[in-house]
Amino acid sequence: YESLLPKHASESISRNSKLYLASVSKPEAGVSKAYNYYPELASKYNVNVAMVNSTGPSDNFESVGRSGTWNYNGELVGSLDENENILSFELWFY
């Protein structure tokens, strides 16, 4: 939830961050929002973004996985499906 709030990101990134890492538990609707929001965040703040989502039952909903990473240009550079898996990616710093 917090990772999709602009104030949370701006305060975190204002500390000269090169990576915004969001560990989340999101259903499909939340992941769809994230896949729209995180590329904009990455390019706006010139920062790499990684969203790590859980899979399976979470509170009163199903977390759907689909973890993803975006480079500082907002380009999706890695993603997973709804299955448990490991996503590795290379970070480029400027």
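Each remark here, short or long, concerns the structure printed above.
Presented here is a report on the structure given in the accompanying data block. Going along each chain's sequence as written, the residues are numbered from 1 onward. Totals for whole chains, interfaces and linings use all residues, but because this is a predicted model, local features are given only for residues with pLDDT of at least 70 and pairs of side-chain atoms are given and counted only at 80 or more. Side-chain calculation: all heavy atoms of the structure are included, whereas hydrogens and water are not.

Describing the packing of aromatic side chains
(1) Moving on: Between 30 and 60 degrees the pair is tilted, below 30 it is stacked and above 60 it is edge-to-face, where a pair is any two Phe, Tyr or Trp rings, Trp via its six-membered ring, whose centres lie within 6.5 Å. Under the counting rule described, the total for this entry stands at three aromatic pairs.
(2) Moving on: Between the aromatic rings of tyrosine 37 and tyrosine 38, the centroid separation amounts to 5.7 Å while the plane-to-plane angle is 55 degrees, which identifies the pairing as tilted. The residues tyrosine 37 and tyrosine 38 share a single accessibility class, namely buried.
(3) Moving on: Where tyrosine 38 meets tryptophan 70, the ring centres are 5.6 Å apart and the plane angle is 50 degrees; that geometry is what we call tilted. In this pair, tyrosine 38 sits in helix α2 (residues 28–45) while tryptophan 70 sits in strand β5 (residues 68–70), placing the two residues 32 residues apart along the sequence.
(4) Moving on: The exposure class of tryptophan 70 is buried, given its relative accessible area of 3%.
(5) Moving on: Three or more aromatic residues joined by ring pairs make a cluster, and in this case those are Tyr35, Tyr37, Tyr38 and Trp70.
(6) Moving on: Think of it as a cone above the ring: NZ of Lys or CZ of Arg counts as a charge over the ring if it is within 6 Å of the ring centre and within 35 degrees of the ring normal. We note arginine 66 situated over the ring of tyrosine 35; from NZ or CZ to the ring centre the distance is 4.9 Å. With a 1.4 Å probe rolled over the protein chains alone, any residue whose accessible area is under 20% of its type maximum counts as buried; one over 50% counts as exposed, and the rest are partly exposed. The secondary structure listing takes helices from DSSP runs of H or I that are at least 4 residues long and strands from runs of E that are at least 2 residues long, numbered from the N terminus.

Comments concerning the nonpolar core
(1) Moving on: Ranked by size, the top nonpolar core spans 17 residues in total, and within it Tyr20, Tyr38, Leu41, Val49, Met51 and Trp70 carry the most contacts.
(2) Moving on: Of all elements in the fold, only α1 (6–13), β1 (19–24), α2 and β2 (48–53) reach the threshold of two or more residues within this core.
(3) Moving on: For this core, the element with the highest residue contribution is α2, accounting for seven residues.
(4) Moving on: Residue contacts are counted whenever heavy atoms from the two residues lie within 4.5 Å of one another. The contact partners of tyrosine 38, leaving out residues within four places of it in the chain, are Ser3, Leu4, Tyr20, Ala22, Val24, Lys26, Val49, Met51 and Trp70. In plain words, nonpolar cores are sets of buried Ala, Val, Leu, Ile, Met, Phe, Trp, Tyr and Cys residues tied together by side-chain atoms within 4.5 Å.

Observations concerning a nonpolar patch on the surface
(1) Moving on: Only residues whose relative accessible area exceeds 30% and that form no salt bridge are eligible for patches; like-charged ones are grouped when within 9 Å, while nonpolar side chains (Val, Leu, Ile, Met, Phe, Trp, Tyr) are grouped when within 5 Å. Only the protein chains shown count as cover for residues, and all accessible areas are computed by the Shrake-Rupley method using a 1.4 Å probe. Throughout this description, the term salt bridge denotes a Lys or Arg side-chain nitrogen within 4 Å of a carboxyl oxygen of Asp or Glu. A grouping of Leu19, Leu21, Val52, Val77 and Phe89 is seen on the molecular surface, where their side chains present a nonpolar patch of about 410 Å² in accessible area.
(2) Moving on: Relative accessible area serves as the criterion here: at 42%, valine 52 is assigned to the partly exposed category.

Taken by themselves, the reported measurements are silent on function.
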